[in-house]
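Breakdown of the fold
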Amino acid sequence: MKLIRWTPNSGSSLGLHDDIDRLFSGYFSRTPQSAEAATVLAPAVDIEETQDAYVLKADLPGMTQADVKVSLLGDVLTLRGERKRPEPGHESAWRHSERSYGTFERTFKLTRSVRADGVQATYRDGVLEVKVPKAEEARTREIEVQVG
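Reading the values: the criteria
Residues numbered from 1 in each chain as written. Predicted model: local features only at pLDDT ≥ 70, side-chain atom pairs only at ≥ 80, totals over all residues. Heavy atoms only, no water. Helix = DSSP H or I, 4+ residues; strand = E, 2+ residues; numbered from the N terminus. Buried < 20%, exposed > 50% of the residue type's maximum accessible area, 1.4 Å probe, protein only. Contact = heavy atoms within 4.5 Å. Areas by Shrake-Rupley, 256 points an atom, 1.4 Å probe, with all protein chains shown as cover. Pairing = 2+ DSSP bridges. Axes fitted to C-alpha atoms, helices over the stretch in contact; angles between N-to-C directions. Core = buried A, V, L, I, M, F, W, Y, C linked by side-chain atoms within 4.5 Å. Salt bridge = Lys/Arg side-chain N within 4 Å of Asp/Glu carboxyl O.

A closer look at the overall build of the protein chain
Helix and strand content of the protein chain: one helix and seven strands. Counting helices and strands in the order they occur from the N terminus, the protein chain gives α-β-β-β-β-β-β-β. Across the 148 residues that make up the protein chain, the buried fraction comes to 21%. A separation of at least 24 residues holds for 53% of the contacts in the protein chain among residues at least 6 apart in sequence. Working note: accessible area of the protein chain is about 11900 Å², and carbon and sulfur atoms make up 52% of it.

And the structure:
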């Protein structure tokens, strides 16, 4: 029995177009010396804005607290880190590797004034969570309308 890869758009011309794009982007993004050199570590990040703070969550599996740095300069939040490639065992070699390794830096411009002295960062189960409180003047306040 022969296995055939199923792709949802395989019957349409758009599927063929996507396949060709994938072929050429893979070809031109790799260097002859090392296919791994083309991979870029860019962790996935979600930013939620609440009434009182910004809450950033970044997926950083396989990293330790010491591998990650968080900084805030004005209203720009920066995440830096490095995921180190583990060495193969004594009598083994890498056969196939798809995970990204190396250094990364992600910066985010927050849209309102923040309090740098209240930033909290926690790391648990491969997820970095950073809470950046908004400055008092940036918080939304409801104002009661008076009848005149």
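Text resumes after the structure shown.
With respect to the pairing of strand β3 (residues 68-73)
Bridge count for β3 against strand β4 (residues 76-83) is six bridges, and the pairing is antiparallel. Paired with Leu 72 across the two strands is Leu 77, which belongs to β4. The hairpin turn running from β3 into β4, its antiparallel successor, is two residues long, and Gly 74 in that turn takes a positive phi close to 65°.

Observations concerning the pairing of strand β6 (residues 120-124)
For a regular strand, the rule is simple: side chains alternate between the two faces of the sheet. Across five bridges, β6 lies against strand β7 (residues 127-133) in antiparallel orientation. Bridged to Thr 122 within β7 is Glu 129. Following β6, the chain reverses through two residues before pairing antiparallel with β7; Asp 125 in that reversal takes a positive phi of roughly 55°.

Describing the sheet that holds strand β1 (residues 45-49)
As summarised here, the arrangement of the four strands in space is β1-β2-β7-β6, forming an open sheet in which the pairing is antiparallel. Strands with a single pairing partner mark the edges of an open sheet, and in this sheet they are β1 and β6. With direction set aside, neighbouring strand axes in the sheet form an average angle of 15°.

Regarding the nonpolar core
Counting 16 residues, the largest nonpolar core has Leu 56, Leu 60, Leu 79, Leu 128, Val 130 and Val 132 as its most contacted members. Taken together, the elements giving at least two residues each to this core come down to β2 (53-59), β4, β5 (102-109) and β7. Non-local contacts of Val 130, meaning those with residues more than four positions away in its chain, are made with Tyr 54, Val 55, Leu 56, Val 70, Leu 77, Leu 79, Val 119, Gln 120 and Ala 121.

Some words on the pattern of salt bridges
Scanning the model with the defined rule gives eight salt bridges in all. Here Lys 134 and Glu 49 are joined by a salt bridge, their closest N and O atoms 2.7 Å apart. Of the two residues, Lys 134 sits in the segment after β7 while Glu 49 sits in strand β1, which places them 85 residues apart along the sequence. As a salt-bridge pair, Asp 117 and Arg 115 come within 3.5 Å of each other at their nearest N and O atoms. Using a relative accessible area of 34% as the deciding quantity, one classes Arg 115 as partly exposed. Members of the salt-bridge network, linked through shared partners, are Glu 49, Arg 112 and Lys 134.

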